[in-house]
Each structure stands twice: as structure tokens, then as C-alpha cells.
Amino acid sequence: MHAIIEIGYLIATLSFLGGLKFMSSPKNAKTGNAIAAMGMVLAVVLTFIAALTAVVPYTNLVIMCLAIAVGTVIGKRLSDKVEMTGMPQLVSLFNATGGGCAMLLGLVEANQMDVSTAILGNKILLIAGLITGAVALTGSIIAERKLAGKVKDRRTKAVIFSARILLGSMLLLPVLYFIGIIPIGFTAFMYILAAVAMVYGVLFVLPIGGADMPVVISLLNSITGIATAFAGFVYGNKVMIAGGIFVGAAGILLTLLMCKAMNRSLLKVLAGTFKKSTNGAVEEEQEIKEISISETAMSLSFAQKVAIIPGYGLAVAQAQHMCGQLQLLLEKRNTQVDYIIHPVAGRMPGHMNVLLAEANVAYSHLKEMDEGNENMAQYDTVLVIGANDVVNPAAENNPDSPVYGMPIIRAHESKQVIVMKRSMGKGYAGVQNDLFGLDNCSILFGDAKVSLQEILNQLKLI
Amino acid sequence: MDTPTFHQTTTNSLSMDFINQHIQEIYFVIFCVFIGIEVIANVPAILHTPLMSGANAISGVILVGAIIVMLRVPADDYLNLTLGGIAVFLGTLNISGGFFVTGRMLKMFNPKK
């Protein structure tokens, strides 16, 4: 019996790995997801079977089955209901549930543990799992609230100072406890640690800028994985250790990749600092050329090659479907249309690709930043829709700019740039965009969805 | 865990004993880290959001631990039954939501013919 369960766990572990591996191509990714999900079901079912060989109270089984049934249904409903633009928030929320599970598990295990015989190593692992889980729980909730625009950045000295104190005490308290300076029971101590770690999770994410939230979510995701691995050690359960470590490693790697795409160091992200422009007050006056809808339509109708650079603004305006229609119409007129996508366009790396895929834009039309930049001079018209910082030439030629060094799409090298914007409001980074003042750039004010619809109407007439 | 044959009885320090007892797990973790990074490194940027979401679902394997802990709770220990029940619920939510949402995202990458 034992051997069968161990082999089952091994298969589950391999399925996680295979699932992640299959995610490397859009064609197989769906299969990969299904394989990993199947492995997960296998692992859970096996744990149940192992349990049934022992005597388990009826009450416990009922509670567990109920919890699993309700959890499955709610999870399915939440994921069916979510808008594609709200995807990053939901991922963050689900991450919070994983962290919460890890934290509660630590508490219950501490309540159950025979403290007199439990070895020190297990207690330390339990504490580590509890703390990481609690931080992931509250941190992810704050990250979700921030992405939803419900919580603002609080970069005050008090917050940062308290966060450091809490971080210090999370490291120091266990040491003091094990030396014997804190004379309370292990269970009570665990509750205190859980409370401290939950408050720390909040204070840890509060000062970090909204633009950095994807990085933070990825990091918290990684932390949940590590919490899972710690719990896996406590039970000597290899499927938990392996699953947790895979997620932990993947999360850290993704975090670093994202930081690279934004040219930010992870430490700067965590410190919540954004390099202030050294001569911020003396921003040059820009001369901005406005363009009308009919001029835009005209320009598109004469173009041979058109590029669309989408940003989060497009997603917010729900204009991705219009974009798809525009592309079809232009293609009928023998105009080539490409989408050039910045690695961090949208709210997460690859989020924009999901949004465009939702609008049925074929995969072959999506160009990555480097490919787009190489051929930029060939494009007759470049439409920038709801993107701002990722096309700011200041990133390349103004060392004083806060975005300096960030890889950008060089839209300014094309023959003509039309930027669709609602207003002259600044982008996520809050920086003036040098692109708007250039000779080959004009701005079309208005809601992207409405503008695109009108461009479509006019193009049909031309 | 078996004690390796090369175990040195002369080193009696706590840390050495700990390492000796857990050497297999330590190997296991190191291999997992490398395999994990190796597998993820080849995923193109366009699939990073589904990847993050899928990895998130996998971290829901913590549910296995929650079930194990629930099995040990006495049937009249209502506090722990409640906490454990919530843990099982949260773990399941993490798994089911994570895989369903990833599936929904990925479905969009195959445009209907």
C-alpha cells in the first residue's frame, strides 16, 4: 500500500514538471495545464486513500469533503467570471489562499504537536512555513487591492520603519524563544508569530509602487511555494517539497526576468523607490500635434505596413476586439498589420498576449519587442494605443529620466506615430514622454474604443 | 532516513548530525531547484502570465498537508477542526481556481477555426 502511494506521489511530481515544461509553447500549454491538474488530483486522492487505511473520525471526513466541494465550486465560478483584464488580481487572490492554507496548517499542527517530544528541527520548519504563509496571505491581498486601485501607495517613513522592525522581530523572536527567554507555550507563540507576519505582509507591500505589483505578485507566489516546501519537510512528503520548490524557483526566476524587462533591480522594487528626475521641475514645454479621426483613417488607408503597440490602456477600454477588427479590415486592403508587444505590456508579462488572444488575434501577428525594433523604419504608421512608458525615447537618450535604461519599443523610428490617449495625463511611471514632442508624432485624443470604432467606420468609406 | 556509512562519529556537533540525517532531502531540494529553473527558463515571455498562474495552482499542493493534518485532529477538537477545515477550503480554492483560470487563458491561444 505504502509503495503504491509513493509511486503515485512520484507520478504527481513528474506531472507538475511535465505541465510546466509544456507551457513553453502556446500549442502544448493547454495540455500541460491539464497534466499538472491531473497530477494534483492524483496526489489529493492518494492522500485520502492513505488516510482511509487508518481510523479517521467521521466528522473530520465530512468537514474535509465539504471544504473540498465548496472550494472547487467557488474556484471554478471565480475563474469563469473574471474579466481578462482582471486576471492579475485573481492570480494574486488565489496566491493569498495558498498562503492562508500554509499559515493555518502551521497553527493546527502546532496545536496538535506533542511539544515535549517534537524535535527542534520540526518546530523551526513549522515556524518558517507559518511565517512565509502568513506574509504571502496578507501581502497578496494588498497586492490585489492595489491592482484593483482600491489601495494607494503608502511610502511613509513610519510604514517602512515598522516593516523593518517586524521583519527583525520575525527573525529574532524564534531565536529568543528557543533560548528560553520567552516563557510561553509553543502554540501561543505560533499565534503571536502568525499575527506579526500577517501585519508584516501588509506593511511589506504597502510602500511598493503600483507599477511594480506584478513583480511583487510573482515574488509572493514564490514565497507561497517555499511555504509549501517547508510544510512538506515537516511531513516528509516529497510531492509537497518538489511542488513547492518548483513554484519557488519559477517565481524567483520570473521575478528577476520581469525586473530585467523594466530595468529595475529587485532591491529597488522592494525598497519602493523610483529614481526621481534630477531636474524634475524644469520639464520642457512640449509642442503637441493633434490629429483627427479622419486624418488617422486616411493615413492608415495609405500605409503599406502598420504596427500597433498596445498597452494597458487598450485593455481598460476593452478595445482589443476593435483592434482585431481594424486589423482584419486593413488586411483586406492588403495592408500588413503587426502587433509589437513590450515584455511588460499589460499588467504582467504576457498579459497583453492573453488579452489579444481573447480578441482572436492570430499568434503569428504578434511580434516581440526586439523583432519590432529591428524593422521599425519600415512601418508607415505606428498606432500606440494606451501605452505610454514603453515607447518613451527618454529611456534611451535622457540619463536624467527615471525610466532611463528601460528597454523600449522604438516607435519614434517609424515614419509616423499616432498615439491614442484619453488625456495628457502621465503614464504609470509618472514621467513626461519625449515621444509626444517629436515631429513624426501626433496625438489622437479620446477613448480608444470609441476612436477605433470611428476609424473603422471611416475606413470602410474610403 | 538512513545514516550514510561514511558518517563520522568524531563530529558530534548538532549541525553535522542534522546534515547527515537530511542529506537525501538536501540533494532532493537542490535538484528540484535546478530542474525547476531549467524548465521555466525556456518559457517565452508571451506565456508568462499563464505560467505564473499555473505555478500558483501547483503551490496548492499544500492541500495534501492540510488533509494530513486534518486526519489527526480528534473529532471533538472544534477549534482545530474549524481551522483545518478552512485550510482545506483555501487549499482547494487555490488549486481549482488556479487550474481553471490558467485553462481559460490558454484556451484563447487557440483561435477557433
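- The name an unreviewed UniProt entry assigns to chain B is proton-translocating NAD(P)(+) transhydrogenase, from the organism Aequorivita flava.
- The record held by UniProt for chain B lists under Catalytic activity (unreviewed entry) the comment "NAD(+) + NADPH + H(+)(in) = NADH + NADP(+) + H(+)(out)".

- As recorded in an unreviewed UniProt entry, chain A goes by NAD(P) transhydrogenase subunit beta and comes from Aequorivita flava.
- Entered under Catalytic activity (unreviewed entry) in the UniProt record, the comment concerning chain A runs "NAD(+) + NADPH + H(+)(in) = NADH + NADP(+) + H(+)(out)".
- The UniProt entry for chain A carries the following text under Sequence similarities (unreviewed entry): "Belongs to the PNT beta subunit family."

## Some points on the environment of Ile40(B)
Line of reasoning, step 1. Note on placement: Ile40(B) falls in helix α1 (residues 14-41).
Line of reasoning, step 2. Taking the C-alpha atoms as reference points, Ile40(B) and Asn20(B), 20 residues apart in sequence, are found 31 Å from one another.
Line of reasoning, step 3. When neighbours within four sequence positions are excluded, Ile40(B) is seen to be in contact with Leu20(A), Ala250(A), Leu253(A) and Leu51(B).

## Re the pattern of salt bridges
Residues and elements named next belong to chain A.
Line of reasoning, step 1. By the definition in use, this model includes five salt bridges over all chains.
Line of reasoning, step 2. Between Asp380 and Lys415 there is a salt bridge, with its nearest N and O atoms 3.2 Å apart. Within this pair, whereas Asp380 is found in the loop between α15 (369-374) and β4 (381-385), its partner Lys415 is found in the loop between α16 (394-397) and β5 (417-421), the two being separated by 35 residues in sequence.
Line of reasoning, step 3. A salt bridge links Glu396 to Arg410; the shortest N-O distance between them is 2.9 Å. Pair noted here: Glu396 is in helix α16 and Arg410 is in the loop between α16 and β5, with a separation of 14 residues, a long-range link.

## Section: the nonpolar core
All names here are of chain A.
Line of reasoning, step 1. Counting 171 residues, the largest nonpolar core has Leu326, Ile385 and Ile455 as its most contacted members.
Line of reasoning, step 2. Discounting residues that sit within four places of it in the chain, Ile385 has contacts with Ile308, Ile309, Pro310, Gly311, Leu314, Cys323, Met420, Ala448 and Leu452.
Line of reasoning, step 3. The next biggest cluster of nonpolar side chains, apart from the first, holds 23 residues, and it includes Tyr379, Val384, Met406 and Ile408.

## As for helix α14 (residues 351-358) of chain A
Every α-helical turn comprises 3.6 residues, leaving residues that sit three or four positions apart pointing alike.
Residues and elements named next belong to chain A.
Line of reasoning, step 1. By the criterion of burial, α14 is predominantly enclosed, with seven of the eight residues buried.
Line of reasoning, step 2. All of the buried residues in α14 are His351, Met352, Asn353, Val354, Leu355, Leu356 and Ala357.
Line of reasoning, step 3. Directly beyond the C-terminal end of α14, a positive phi value near 65° is found at Asn360.

## Considerations on the packing of helix α4 (residues 87-112) of chain A against helix α3 (residues 62-72) of chain B
Line of reasoning, step 1. The interhelical angle for the contact between α4(A) and α3(B), taken along N-to-C directions, is 25°, at an axis separation of 10 Å. As far as their axial angle goes, α3(B) and α4(A) are roughly parallel. Considering only the axes of α4(A) and α3(B), their crossing is left-handed. Residues Gly98(A), Cys101(A), Ala102(A), Leu105(A), Val108(A), Glu109(A) and Gln112(A) of α4(A) form the contact with α3(B), whose own contacting residues are Ile62(B), Gly65(B), Ala66(B), Val69(B) and Arg72(B).

## Quick notes on the UniProt feature "transmembrane region" (unreviewed entry) in chain B
All names here are of chain B.
Line of reasoning, step 1. On the UniProt side, "transmembrane region" (unreviewed entry) is annotated at positions that read residues 26-47, 54-75 and 81-103 here.
Line of reasoning, step 2. Across residues 26-47 one finds 73% helix and 0% strand; the C-alpha atoms that close the span lie 31 Å apart.
Line of reasoning, step 3. Within residues 54-75, the helical portion is 73% and the strand portion 0%, while the C-alpha atoms at the span's ends are 35 Å from each other.

## Digging into the side chain of Thr97(A)
Line of reasoning, step 1. By the element assignment, Thr97(A) lies in helix α4.
Line of reasoning, step 2. With relative accessibility at 9%, the residue Thr97(A) sits in the buried group.
Line of reasoning, step 3. A distance of 2.5 Å separates a polar side-chain atom of Thr97(A) from the backbone oxygen of Phe94(A).
Line of reasoning, step 4. Apart from residues lying up to four places away in sequence, Thr97(A) is in contact with Leu90(B), Leu93(B) and Asn94(B).

## Looking at the pairing of β5(A)
All names here are of chain A.
Line of reasoning, step 1. Here β5 lies mainly inside the structure; five of its five residues are buried.
Line of reasoning, step 2. Residues Val417, Val419 and Lys421 point to one face of β5 and Ile418 and Met420 to the other, with burial holding for every one of them.
Line of reasoning, step 3. Note that β4 and β5 share four bridges and pair parallel. Within β5, the residue paired with Leu383 across the bridge is Ile418.
Line of reasoning, step 4. Bridge analysis of β5 against strand β6 (residues 441-445) gives five bridges, and the strand direction is parallel. Bridge pairing in β6 places Ile418 opposite Ser442.

Cut-offs used in this document
- Residues numbered from 1 in each chain as written.
- Chains lettered and ligands numbered in written order.
- Predicted model: local features only at pLDDT ≥ 70, side-chain atom pairs only at ≥ 80, totals over all residues.
- Heavy atoms only, no water.
- UniProt positions renumbered as here; feature names shortened; annotations may be inferred.
- Helix = DSSP H or I, 4+ residues; strand = E, 2+ residues; numbered from the N terminus.
- Contact = heavy atoms within 4.5 Å.
- Salt bridge = Lys/Arg side-chain N within 4 Å of Asp/Glu carboxyl O.
- Core = buried A, V, L, I, M, F, W, Y, C linked by side-chain atoms within 4.5 Å.
- Buried < 20%, exposed > 50% of the residue type's maximum accessible area, 1.4 Å probe, protein only.
- Axes fitted to C-alpha atoms, helices over the stretch in contact; angles between N-to-C directions.
- Parallel < 35°, antiparallel > 145°, perpendicular 65-115°, else oblique.
- Left-handed = near helix turned anticlockwise from the far one by under 90°.
- Polar contact = N/O pair within 3.5 Å; in protein donor to acceptor, adjacent residues only side chain to side chain.
- Pairing = 2+ DSSP bridges.

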